[in-house]
Structure formats: C-alpha cells, structure tokens
Amino acid sequence: MKDILKKLIKKLAGESDQIIDSSSYRLSIPLKVYPYALKYHGKLLTKDELLISKQKLEYLIKENYLKVLPSINQTANNTECLRCKNNSFECFALIDCKRCLNTHLYCRSCLQMNRVLACESLYYWHDKSIVFKEIEQVNHWQGELTNAQQYGAKKAINAFEHQTDKLIWAVTGSGKTELVFPVITHALEQGMRVCVASPRVDVVKEFRLRVESAFKNVSIAALYAGSEEQYENAQLIISTNHQLLRFKRAFDLLIIDEVDAYPYSSDQRLKKITQRSRKKQGTTIYLTATPNQSLKKLPTVFIPTRFHQQPLIIPQLKYSYQLNKSLKDKKLPSEFTQVLNSRKKPQRQLLIFVPTVKLSIDLKAEIIRMLINKSLIKNKIEVESVHASDENRSEKVNKFREKKLYCLITTTILERGVTFPSVDVIVIQADNQVFNSAGLVQISGRAGRSSADPNGHVYFMINNNTEAIKKSIKDLKYMNALTNELIL
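Each chain has its residues counted from 1, following the order in which its sequence is written. Two thresholds apply to this predicted model, a pLDDT of at least 70 for residue-level local features and 80 or more for giving and counting side-chain atom pairs, whereas whole-chain, interface and lining totals are computed over all residues. Note: side-chain values were computed over all heavy atoms of the structure, leaving out hydrogens and water.

**Considerations on the layout of surface pockets**
- Cavity and pocket criteria rest on a 1 Å grid covering protein atoms alone: a 1.4 Å probe that fits but cannot get out defines a cavity, protein on both sides within 12 Å along at least 5 of 7 lines defines an open pocket, and an atom within 4 Å of a point defines a lining residue. Grid points are joined across faces, edges and corners, and a volume is the space filled by probe spheres set on the points. Looking at the largest pocket, its volume works out to about 1,100 Å³.
- Along the wall of the largest pocket there are 49 residues; nearest its centre are R200, A261, Y262, P263 and E415.
- Each helix corresponds to a stretch of at least 4 residues labelled H or I by DSSP, and each strand to a stretch of at least 2 residues labelled E; elements are numbered beginning at the N terminus. Elements with a contribution of two residues or more to the lining of the largest pocket: α7 (201–212), α13 (393–401), α14 (437–444) and α15 (467–487).
- It is α15 that provides the largest number of residues to the lining of the largest pocket, a total of 5 residues.
- Here the second largest pocket is characterised by a volume of approximately 440 Å³.
- As for the second largest pocket, its lining consists of 26 residues, of which G175, E178, R210, T419 and R449 are closest to the centre.
- Contributions of two or more residues to the lining of the second largest pocket are made by α5 (176–179) and α7.
- With 4 residues, the single largest contributor to the lining of the second largest pocket is α7.
- When residue character is reported, Ala, Val, Leu, Ile, Met, Phe, Trp, Tyr, Cys and Pro are called nonpolar, Asp, Glu, Lys and Arg charged, and the others, Gly included, polar. Split by residue class, the lining of the second largest pocket holds 6 nonpolar, 11 polar and 9 charged.

**Structural notes on the side chain of T172**
- Within the secondary structure layout, T172 lies in the loop between β11 (166–170) and α5.
- In contact with T172, not counting residues within four places along its chain, are A289, R306, L312, V441, Q442, G445, R446 and R449. It only takes one pair of heavy atoms within 4.5 Å for two residues to be counted as in contact.

**Topic: the pattern of salt bridges**
- Note on definitions: salt bridges are taken to be side-chain nitrogens of Lys or Arg within 4 Å of carboxyl oxygens of Asp or Glu. Throughout the structure, instances matching the rule amount to 32 salt bridges.
- Residue D424 pairs with R348 through a salt bridge whose shortest N-O separation is 3.1 Å. Taken as a pair, D424 in strand β22 (residues 423–428) and R348 in the loop between α10 (334–342) and β19 (349–353) lie far apart in primary sequence, 76 residues in all.
- Exposed residues in this analysis have more than 50% of their type's maximum accessible area, buried residues have under 20%, and partly exposed residues fall in between, with area computed by a 1.4 Å probe over protein chains only. On the basis of relative accessibility, which here comes to 0%, the residue D424 falls in the buried class.

**Quick notes on the packing of aromatic side chains**
- The criterion for an aromatic pair is that two Phe, Tyr or Trp rings (for Trp, the six-membered ring) have centres within 6.5 Å, with stacked assigned to planes under 30 degrees apart, edge-to-face to planes over 60 apart and tilted to the rest. Here the structure, examined in full by the defined rule, presents 7 aromatic pairs.
- Ring geometry for W141 versus F181: centroids 5.7 Å apart, planes at 85 degrees, classification edge-to-face. Of this pair, W141 sits in the loop between β10 (131–132) and α4 (147–161) while F181 sits in helix α6 (residues 181–189), and the two are 40 residues apart along the sequence.
- Take W141: its relative accessible area is 31%, and that puts it in the partly exposed class.
- Between F181 and F215 the ring centres are 5.4 Å apart and the planes differ by 80 degrees, which places this aromatic pair in the edge-to-face class. Within this pair, whereas F181 is found in helix α6, its partner F215 is found in the loop between α7 and β13 (220–223), the two being separated by 34 residues in sequence. Judged on exposure class, the residue F181 and its partner F215 are both buried.
- An aromatic cluster of at least three residues, connected via ring pairs, comprises W141, F181 and F215.
- The lysine or arginine in question, R115, covers the ring of Y106, its NZ or CZ lying 4.9 Å from the ring centre. For a ring to carry a charge above it, either NZ of a lysine or CZ of an arginine must fall within 6 Å of the ring centroid while also lying within 35 degrees of the normal to the ring plane.

**Let's talk about the nonpolar core**
- Counting residues in each nonpolar core, the largest one holds 35 residues, and the members touching the most others are C81, C107, C110, C195, I237, F247 and F251.
- Elements with a minimum of two residues in this core: β7 (103–107), β11, β12 (194–198), β13, β15 (251–257), α8 (268–276) and α15.
- Looking at this core element by element, the count peaks at 3 residues for β15.
- Residues within four places of F251 in sequence aside, it is in contact with R193, V194, C195, I237, L244, S277, R278 and K279.
- Residues I135, A156, V218 and Y224 belong to the second largest nonpolar core, which totals 33 residues. To define a nonpolar core, start from buried Ala, Val, Leu, Ile, Met, Phe, Trp, Tyr and Cys residues and group those joined through side-chain atoms within 4.5 Å.

**Points about helix α12 (residues 364–373)**
- Residues of α12 that are buried: E366, I367, I368, M370 and L371.
- Buried positions along α12 lie against α10, β19, β20 (383–386) and β21 (407–410).
- One or two residues past the end of α12 sits S375, with phi positive at roughly 60 degrees.

**A closer look at the side chain of K176**
- With respect to the secondary-structure elements, K176 resides in helix α5.
- Comment: no salt bridge for buried K176; closest opposite-charge side chain is E258, at 4.4 Å.
- If sequence neighbours within four positions are ignored, K176 has contacts with A170, V171, D257, E258, L287, T288 and A289. In this tally, Asp and Glu contribute negative charge and Lys and Arg positive charge; neither His nor the terminal groups of the chain are included.

Here it is, written out as structure tokens:
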C-alpha cells in the first residue's frame, strides 16, 4: 500500500521534480492536495518559489490551503517587508517592474533570497491537516548523559510540555547537543515538528552531522545558503536563522543554538522571523555558553560542568611588545616560537585565531615556515586558513576535523559550535577589539573537549591586557569554581 501511495504522490506532484516520501505523514486531506501539503506546509514563499501551475495555485487558494498575503505593507507611517520584517526605509528601493509595468518598491534587505516585489503576493500554507506520524524509537544515539546533562534534559522536556521558554546556559564542552536530544526525541515521538536554528553556518553543519545518525527514522533537512536541501521540508529542520524567513508557524519546538552570536544577537529582524517560524503554542529553548544580561532574565538552567568533569582551560597570556609591528610586516615575534616550545603535546593539532581576514592570509606563509623549522609539519599542505567568505571553508574544516591538516588559521567564524577532539589554541592579537569577552570564552572552549584529551593549551598573544581578556578569564575561573563545588 505504501508503494502505491508513493507512486500516486509522485505522479500528482506534477511540475515538481522533488520525490516526496509520504511514509512519515498521516493522510487526512484529498490525495491530489497531498504532495503540495508535504512540500509547502508551514512555508511562507514568493510565487517564484512555488512550483505550481496557475490552475492548481488558484485551486489551492480557493480551497483555503494557501493563504495570500501582501509582500510589502505600506502605511502613512511605516513600510514593512512581511517576509523578512524589514521596516527600515533605506532598505527599500524603487524598481521599474517588468512584471506589472509600474514603478514600485522592492525589499533590498532579503534580496539574496529571491526578490520581494510590492506588486506580488506571498503565499502561506496555513492548513493544519498535515500531521507527522507518531514514531517509536526515534532516538538511536548510544551514548549516556552525565548527571548534569540529565538535569538539563529534564528541565527542557518540562518546558516543552508546559509550552514555556527556557535558557540552557551550559559551559563550552558540556555537551549541549546531546543534552537536547531527549526533548527533540520527546517532540518527534508525538509527531511534532522541530527546528534547531543557529546564526552560524558551521554550527548548522556540525549539528547536522551529529543528529543524522541519532534520528535515522526521521526526515531531516539542513538549510543554509548554498545547501542542496535549501528548499526542502522535513520534520526536523536544522537551519541558519536567515533561512527561517521562508517559514511561518511551522514548528512545535524551536531550539536556538549560540543565541548570543552575531548576527542574531544584534538583529531584531532575525529575532522576529525566527520566532515567527514557531507555532504560537510552541516552545523556544535557547542554548549558549555565554549569555548576555538580557538572556539571563529568562527562566534558566545552569550547567557549569563539561561532560568529562574536567575544568575549562584557563588561557595563558603571552605578552609581546613587538607583536603589532611584526604583524604589519607579515611576521610573527619570537614569543610565537616560545609558545610552540612550551606546548606539552606538540602532536595536538593547532587552531590559530586572528582578528582579520587579511591576517589569516598574510600570516599563512610565516606560520608554515615556523612549523617546518620546528619539525611540526613536513609540507605546507598541512596548514590552511579560513574565513567567512572562503568558498572552500567547509572542505578545509572537514580536513582539519579528519586530521588531514596540522594547523588551521581562522577568523572568529570558528569561535563556537565546532568540535575538534585534541587541539591547542593560539589567539594572535587577542587584545584586538574584535575579540569580546564572550568570544574569548568560546575560543578557549575549543581546547580540551575530548575525554581522551581533556586538557590542551590556550594562549592569548597580546600587547596589552584588555577588559575583555580579564573578564573572559574571570568567567572561566568562576565556572571552574562552580564545577569543583559540584564535584566535591
């Protein structure tokens, strides 16, 4: 019966090339509507994003499956894009439209995700007939949660059952991903939809890797710019916050990872579209190791211990009064060699943070030369640099994760949400204003993440000690003190 149903759905899908697996859904609507419901439920799309003929589009609107909404709302005092929630007038512009042959506004704020024109509508699949099947044995993860993780997991499930929001403040390396597995499982088993959102693409990719083996029987899609699954629909969505502008009231459980990270933390529009993607009777769980004061006002679960019960690494300050001068000459001072010499386990990979893209490129040759001189590498191909606009970023990060690279030079894009089991960390020019206290805490948390190697070294190479550096070290020591109290 399932095979027959799938064949009918593929045939009825008409213009769409997407093969839709219906086995995860309950059938409670007319069969001819079913493939469109599977693909578009909870979506808010432009007409160009709907792969539907005019005749079928009119039918779906008439039968109240699709709701037609204005794309740009204009009043005497306000102009707002109803897709991306932009209401800044300088982010709108006039266009001589070839579709309606009139001059009108379009939104420049979300232009990279298909142009929103004032003369065209948005389409929202608001029908609630699509319901996922209840599934037994959703979670196939074989690991065990620590006592601290179990405590956080129970609080998250309780928040979901009572439809209340919750902040989980957990130190780097505490196992936040595994901590939310139980609440994700709880939602999926009841046939509900879950979204894990993050401001960072690297976090989305990392999370996808860790959940796809745990939730084998669930449809999963990872949404980010350039993703092959960018327009997919699934029961478990892992997405950058930007991609959620294509959703409205879709998810029963919304988990926002690295909630204090840029750009989400400072972009009110992103916050609005992210919350819009969740159902009104849903739950939002916020995850971070470094919450700001605003987030701390939320009901909070505090997890101060790493999963292996070992302390956070406290950075060592390495002063170099020639640092800034050396960097201008694309060189590194003698203190960098001292740092290399002081490492107790030189076989650990080396993760080097720099404040700018220019430095990540300029210092590569110098770092290669120094590592070869110290016999830490044999060939220049063992060192790479990455930054946000690097087209080969994912490939390089994967090579580092697979230990095909000894050293990776990076900007702040890898300060959070990525896990490498055995690394030493060096922050060059840690006193640069690019590095705030939260970022330095997150960077320090890249070291000592494995129970097989829970130590590691973190070095801050600086010319001056800054308030951000002082606060980051104070916060790390505070977390360690709390951990000691819990263990004792």
